[in-house]
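# An overview of the molecular structure
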2 protein chains.
Amino acid sequence: MITRINHIAIVVADLDDAIRSYQDRIGLTLRKRLHMPEQEVEIAFLPAGESMIELIMPTSEDSGVAKYLAKRGEGLHHICLEVEDIEQSLESLASRDVQIINETPIEAAEGHGIFLHPKSAHGVLIEFLEPYPHLSDKPE
Amino acid sequence: MITRINHIAIVVADLDDAIRSYQDRIGLTLRKRLHMPEQEVEIAFLPAGESMIELIMPTSEDSGVAKYLAKRGEGLHHICLEVEDIEQSLESLASRDVQIINETPIEAAEGHGIFLHPKSAHGVLIEFLEPYPHLSDKPE
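What comes next is a walk through the structure.

Procedures and definitions
Residues numbered from 1 in each chain as written. Chains lettered and ligands numbered in written order. Predicted model: local features only at pLDDT ≥ 70, side-chain atom pairs only at ≥ 80, totals over all residues. Heavy atoms only, no water. Helix = DSSP H or I, 4+ residues; strand = E, 2+ residues; numbered from the N terminus. Contact = heavy atoms within 4.5 Å. Buried < 20%, exposed > 50% of the residue type's maximum accessible area, 1.4 Å probe, protein only. Pairing = 2+ DSSP bridges. Buried area = accessible area lost by both parts, 1.4 Å probe. Salt bridge = Lys/Arg side-chain N within 4 Å of Asp/Glu carboxyl O. Polar contact = N/O pair within 3.5 Å; in protein donor to acceptor, adjacent residues only side chain to side chain. Least-squares fit on C-alpha atoms with pLDDT ≥ 70 in both. Core = buried A, V, L, I, M, F, W, Y, C linked by side-chain atoms within 4.5 Å.

Checked against the element boundaries, Asn6(B) lands in strand β1 (residues 2-11). Leave out the neighbours within four places in its chain, and Asn6(B) touches Ser51(B), Met52(B), Cys80(B), Leu81(B), Glu82(B) and Leu129(B).

All names here are of chain B. Burial of strand β8 (residues 126-131) is extensive: 5 of the 6 residues sit out of reach of the surface. Direction of pairing for strand β5 (residues 75-83) relative to β8: parallel, over a ladder of 4 bridges. Bridge pairing in β8 links Ile79 to Ile126. As paired elements, strand β7 (residues 111-116) and β8 share 6 bridges and run antiparallel to each other. When the sheet's bridge partners are listed, His112 is paired in β8 with Glu130.

With that settled, consider the interface of chain A and chain B. Across the boundary between the two partners, chain A contributes 43 residues, which contact 43 residues of chain B. Considering only the side of chain A, the residues that lose the most area to chain B are Arg25(A), Ile26(A) and His122(A), jointly responsible for 24% of the buried surface there. At the boundary of chain A with chain B, the tally comes to 0 salt bridges. At the junction of chain A and chain B, the tally comes to 15 residue pairs in polar contact (both at pLDDT 80 or more). Among the elements of the structure, β1 (2-11), α1 (15-25), β4 (51-58), β5 (75-83) and β8 (126-131) of chain A are those that each provide at least two residues to the side of chain A that touches chain B. For the side of chain A that touches chain B, the element with the highest residue contribution is β1(A), accounting for 7 residues.

Expressed as a screw operation, the relation of chain A to chain B combines 0.0 Å of axial shift with a rotation of 180 degrees, fitting to an RMSD of 0.0 Å. Overall, the copies show the geometry of a two-fold rotation axis. When each C-alpha of chain A is compared by its distance to the rotation axis, Leu76(A) comes out closest, at 3.4 Å.

Among the nonpolar cores identified, the biggest contains 62 residues, and Tyr22(A), Leu55(A), Phe128(A), Tyr22(B), Leu55(B) and Phe128(B) are the most heavily contacted of them. Phe128(B) has contacts with Ile26(A), Ile2(B), Leu81(B), Val83(B), Ile86(B), Ser89(B), Leu93(B), His112(B), Gly113(B), Ile114(B) and Leu116(B), leaving out every residue within four places of it along the chain.

Residues and elements named next belong to chain B. Tallying each qualifying case throughout the model produces 8 salt bridges over all chains. Residue Arg4 is joined to Glu82 by a salt bridge in which the shortest nitrogen-to-oxygen separation is 3.1 Å. Residue Arg4 is located in strand β1, and its partner Glu82 is located in strand β5; the two are separated by 78 residues in the primary sequence. You can call Arg4 buried: its relative accessible area is 4%. Judged by its relative accessible area of 5%, Glu82 falls in the buried class. Across the pair Asp16 and Arg33 runs a salt bridge whose closest N-O atoms are separated by 2.6 Å.

This is the structure:
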């Protein structure tokens, strides 16, 4: 059961500059900024209604995000669809022959997620995410 | 004033097949399907919370969307941010030196919109949209 778009992720080369663009020029508001050393990224969240724009900057040169940036340049990276129960979604997707990148849910900034292979979604990288309980309310 | 993400647009080669993937496998529900001869596209909308996934298939070989598909393949195309007043947004964006592709709002399937140049949004094509009045309610 998909409840909303949790976020849309955009890969950027310079997070400070991207925050300035999306906040001061495009008109969104920065909610939080995180460094995630394990994923080798810094990220910023800017709400838009019940969803968020997530800006992602790689902090190393060999992560998946860094390679994506090197190959394709800045731009749209993935869509995150929020679900109520990630284990149930995983089972349900597998039963419908959707190709899933992760065998079990992984810890993301905002909850537990899995990624579908873009081959199963017409070229789009889609994340399914069950938010941590304290983050499950809609943005104020 | 950005009120929500109206839709995320995905370019596809075969709309029937894409609807099957996003509905029967990923788990969204088709709300409507439109042919827009002037834009040389067929589109389908599948709601996710207060937003929609928009699948776009070119119906000619020389439209912008067709060229995008030929060059980059299927995948994410643009984000549409909903605003209350498109004329006001246009003025406000111009005053902040955002590069805008359209000099005046154009008619889209769901309202009047303008597109920002990806140079002004770190590689992302962003639409600003004021929905037609009868479409301004949130999806049920």
